[in-house]
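Listed below, chain by chain, are the residues.
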Amino acid sequence: GRQAACVPGKGSTAYLEKCAGYFDAAVGSGSELGNLEALMGKAKVLEGKRQWQQALDCLNKVIVMHPFYLPALLEKTKTLMMTADWDQALESAGRIQQQEHNNIEALRLNVLFLLSRESRCDEAARKLTELVAAIKELEPRNHELVMSCAQLFSRLAGRHKSILNITCSMMER
């Protein structure tokens, strides 16, 4: 019953408020696992409402309670990126890669940062090669992921040949 009321993708304020109420009620339940899930849900609702700082607060609570729970750290990294706090976003991505060296999301963030903020194309090409290897290993049949990465990074590459060659080979596969 309750989950059907929070229809993903609706995005309207009424749906988000309804979902927020359910997650707020669940956070106070006392069950640690329930709190984990409720805090993650609440963080997503707050992200949907573009309340970045409150979302970060929820995610930080999860990270403190469960330091090795990577989805919370991934969400924190994405939220930090949305607030343009690149230094902390990269630090979070580094923490993710310490636990899981070939994490696709952390590698994507690194390539995005190197291309869009630093304009270090040679280093971005090396990281993009790592990303392609991680996708081949972890998500070999996820064609949408490969296509979205190839499109994004080819658009950001300018005329850098090695990045364009890598993205071209991604699309050919």
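Residues numbered from 1 in each chain as written. Predicted model: local features only at pLDDT ≥ 70, side-chain atom pairs only at ≥ 80, totals over all residues. Heavy atoms only, no water.

Section: the confidence of the model for the protein chain
Stated precisely, the cut-off is as follows: As a per-residue measure, pLDDT tells how confident the predictor is, with possible values from 0 to 100. Note on conventions: DSSP H or I runs of at least 4 residues are helices, E runs of at least 2 residues are strands, and numbering of each starts at the N terminus. Pairs of residues are marked as contacts when any of their non-hydrogen atoms sit within 4.5 Å.
Per-residue pLDDT for the protein chain has a mean of 84; in total, 82% of the residues score no lower than 70. Across the protein chain, the secondary-structure element scoring lowest on mean pLDDT is helix 1 (residues 2–5), at 43, and the one scoring highest is helix 8 (residues 121–138), at 95. Note on residues 1–5: pLDDT is under 50 here. Beyond four places in sequence and across chains, it has four contacts.

Details of the packing of aromatic side chains
One pair of aromatic rings is described through two measures. These are the centre distance and the angle between the planes. Here is the rule: Aromatic rings from Phe, Tyr and Trp, with only the six-membered ring used for Trp, were paired whenever their centres fell within 6.5 Å, and each pair was classed as stacked if the ring planes differed by under 30 degrees, edge-to-face if by over 60, and tilted otherwise. Summary of the burial criterion: residues with accessible area below 20% of their type's maximum are buried, those above 50% are exposed, and those between are partly exposed, where the area comes from a 1.4 Å probe applied to protein chains only.
As enumerated under the stated definition, the model contains one aromatic pair in all. Centroid distance Trp86 to Phe113: 5.6 Å. Interplanar angle 40°. Geometry classified as tilted. One end of the pair, Trp86, is in helix 6 (residues 86–99); the other, Phe113, is in helix 7 (residues 104–118), and 27 residues separate them in sequence. Like Trp86, the residue Phe113 is buried in the burial classification.

Describing unusual backbone geometry
Phi angles above zero are rare outside glycine, and Arg50 is one such case at about 60°. Looking at the secondary structure, you find Arg50 in the loop between helix 3 (32–48) and helix 4 (52–65). Take Arg50: its relative accessible area is 58%, and that puts it in the exposed class. Here the phi dihedral of Ser119 falls at roughly 55°; this positive angle occurs in a residue that is not glycine. Mapping Ser119 onto the fold places it in the loop between helix 7 and helix 8. Taking the relative accessible area as the measure of exposure, Ser119 reaches 56% and is therefore exposed.

As for the pattern of salt bridges
Counted only if it meets this: By definition here, a salt bridge exists when the distance from a side-chain nitrogen of Lys or Arg to a carboxyl oxygen of Asp or Glu is within 4 Å.
One pass over the structure, following the stated rule, counts seven salt bridges. In this structure, Lys78 and Glu75 form a salt bridge, with 4.0 Å as the shortest nitrogen-oxygen distance. Of the two residues, Lys78 and Glu75 both sit in helix 5 (residues 70–82), three residues apart, roughly one turn of that helix. A residue is classified by how much of its surface remains accessible, and Glu75, at 13% relative accessible area, is buried. Between Glu118 and Arg120 there is a salt bridge, and its shortest N-O distance comes to 3.2 Å. With a relative accessible area of 35%, Glu118 lands in the partly exposed category. Connected through shared salt-bridge partners, Lys44, Glu47, Glu75 and Lys78 make up one network.

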